[in-house]
Amino acid sequence: MSTHHPQHPHPHHPIAIVGAGLGGLTLARVLHVNGIEAALYDLEASPAARGQGGMLDIHEESGQAALRAADLYEEFRALIHPGGEAMRVLDKDAVVRMEEADDGDGGRPEVERGQLRDLLLGSLPEGAVHWGAKITGARPLGGGRHEVTLADGSAFTTDLLIGADGAWSRIRPLVSDATPAYSGISFVEVDLLDADARHPESAAVVGGGMFFALGAGKGFLAHREIDGSLHIYTALQVPEDWISAIDFTATDLAKASVLEHFADWDKSLQALVADADGSLTPRRIHALPVGHRWERVPGVTLLGDAAHLMSPFAGEGANLAMFDGSELARAVAAHPGDTEAALAAYEEALFPRSENAAAESADSLVRIFRADSPQGLLDMFAGN
C-alpha cells in the first residue's frame, strides 16, 4: 500500500506568462480586458528591484495600437515627455548635420520605460505577478500542457505557456534551438544627472529629445529623460570579448578605455563619457537570426525578444513586444476553447511582422556605423 501523500500539488494555471516586461504585461492586460485571467512569473524580486531606465518612442501602428487594445491609451498620453520627439544628428566633429524640432504631432511620443511598465502593472488584478520567480526550465506533459520548474524547487503546470522572458528565454528551447548571436556592437551606458544645471554644455549638445553623434564603427546615441538627466549609449564595433578585458568597477579607467576609441572626436562629444555620473554599464548587443520562426508546438508560444531579439537600431523592440502581447491576447479571446487555432493565427502574423523589423534593424546597424557615417543615417531619415 502506498504511503506517499503529496503535501503540495503543483499550482495549475490555464494561462501562464513567463516574464513581466512590457510584452508580458501587455498580454496579461489585454487578456484581462477580455475577461481572461493569466498568471505572470518574473525573476525580479519586486517591481522596484531595478531601474527600468531609458526613454521609448511608442509607435502609432504597434505600441500605441497595443495600448488602445489594453484600454490604457488616455493614461499613456498623460505620461508623454513633451519635446521628446526632437532629434539631432552630428558628426564626429560635432557639426550638426540634421536637426528637427518636436512638431507635436505625437506620431512617436517618448515615454519613460519605467512609467509605462508601472501603468501596465497597475492595471492588472492584485497578485497577478509572482515576483522573485526564476524559471529554470519547462517540459511538455502532453496534450499541450507544460510543467515549469523554478530555482527554489517549486513548479507549476499550465495549459498555455507563453515565453515573454527576453533574449535568453528559458521557454524558447521548447519550440526552437536558435540562440542569440553577438551583433558586432557593444554599448556602454552612462548618465549625466541634472544636466541643465550640472552639465550645461552636454545638455546643449544633446538637445531636448533623441541625439546621434556618429562616425565609422562607433558613436553616441542619447536622449533626455523626464527627470532632466541625459542617458548616453556609447556604441562601438568591437570584438565580443572587448568588454571582458575592462574592469568596469574602476570607473575612471573604464572611461579612459572607452574614450581611447574617440581620441580624434570633438571634446564636447568626449565629455558625454568623461563627465558621466556614477558607473558605466557595458552591454553586448545580440540578435536572433532574421526570420527566426518555429513549427507549431502545442500549448506554447513566444513574444517579444524571446521570439525575435534584434539590435535596437530599428527602435522596434518594446513596440513589437507590446504589439505581440496584444495580438496574442486578441487571438486567444477570438478562439475560445481552441488554443491551437489561437496560436496558429497569432504566429502566422507574428513571423512576417518580426522578420520585417529584424531585417530593418540589421540593415540599420550596418548603415549607421558604415565608413561614411553619419551619412547612412541621414539618407535613412531623408528616405522616410
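Student: Any chance you could break down the side chain of Asp-277 for me, citing the residues and the numbers?
Tutor: By the secondary structure assignment, Asp-277 is in strand β15 (residues 277–287). Residue class for Asp-277 comes out buried when judged on its relative accessible area of 17%. One polar contact links Asp-277 to His-199, side chain to side chain, over a distance of 2.8 Å. Apart from the residues within four sequence positions on either side, Asp-277 is in contact with Asp-191, Leu-192, Leu-193, Arg-198 and His-199.

Student: Would you mind going over the packing of aromatic side chains in detail, with residue names and values included?
Tutor: Overall, the coordinates contain 10 aromatic pairs when judged by the stated rule. With a centroid separation of 5.9 Å and an interplanar angle of 45 degrees, the aromatic rings of Tyr-73 and Phe-76 are classed as tilted. Taken as a pair, Tyr-73 and Phe-76 lie in helix α3 (residues 73–77) at a separation of 3 residues, close to a single helical turn. A relative accessible area of 0% places Phe-76 in the buried class. A network of ring pairs unites the aromatic residues Phe-187, Tyr-233, Phe-313 and Phe-369 as a single cluster. A cation over a ring is seen here: Arg-68 above Tyr-73, with NZ or CZ 3.8 Å from the ring centre. Positioned over the ring face of Phe-262 is Lys-218, at 5.9 Å from the centre of the ring.

Student: With reference to specific residues and values, describe unusual backbone geometry.
Tutor: Between Ser-373 and the following residue, Pro-374, the backbone shows a cis peptide bond with an omega angle of 15 degrees. Assignment of secondary structure puts Pro-374 in the loop between α11 (339–368) and α12 (375–383). Phi is positive for Asp-71, close to 55 degrees, though the residue is something other than glycine. By the element assignment, Asp-71 lies in the loop between α2 (60–69) and α3. Not every positive phi belongs to a glycine, and Ala-94 is a case in point at roughly 65 degrees. Under the relative-accessibility criterion, Ala-94 is labelled partly exposed at 21%.

Student: Before we move on, could you go through the nonpolar core and cite the residues and values that matter?
Tutor: Residues Ile-17, Leu-40 and Leu-116 are the most contacted members of the largest nonpolar core, which totals 61 residues. Here Leu-40 is in contact with Ile-17, Gly-19, Ala-20, Gly-24, Leu-25, Ala-28, Leu-124, Ala-128, Val-129 and His-130, once residues within four sequence places are set aside. Within the second largest apolar cluster, 31 residues are counted, among which are Val-188, Ala-195, Ala-222 and Ile-243.

Student: Before we move on, could you go through the pattern of salt bridges and cite the residues and values that matter?
Tutor: In this structure the tally under the stated criterion is 17 salt bridges. With a shortest N-O distance of 2.6 Å, Glu-189 and Arg-283 are connected by a salt bridge. Taken together, the positions of Glu-189 in strand β11 (residues 181–192) and Arg-283 in strand β15 put the pair 94 residues apart, joining distant regions of the chain. According to the relative accessible area criterion, Glu-189 is buried, its value standing at 12%.

What counts and what doesn't
- Residues numbered from 1 in each chain as written.
- Predicted model: local features only at pLDDT ≥ 70, side-chain atom pairs only at ≥ 80, totals over all residues.
- Heavy atoms only, no water.
- Helix = DSSP H or I, 4+ residues; strand = E, 2+ residues; numbered from the N terminus.
- Buried < 20%, exposed > 50% of the residue type's maximum accessible area, 1.4 Å probe, protein only.
- Polar contact = N/O pair within 3.5 Å; in protein donor to acceptor, adjacent residues only side chain to side chain.
- Contact = heavy atoms within 4.5 Å.
- Phe/Tyr/Trp six-rings, centres within 6.5 Å; stacked < 30°, edge-to-face > 60°.
- Lys NZ or Arg CZ within 6 Å of the ring centre and 35° of its normal.
- Core = buried A, V, L, I, M, F, W, Y, C linked by side-chain atoms within 4.5 Å.
- Salt bridge = Lys/Arg side-chain N within 4 Å of Asp/Glu carboxyl O.

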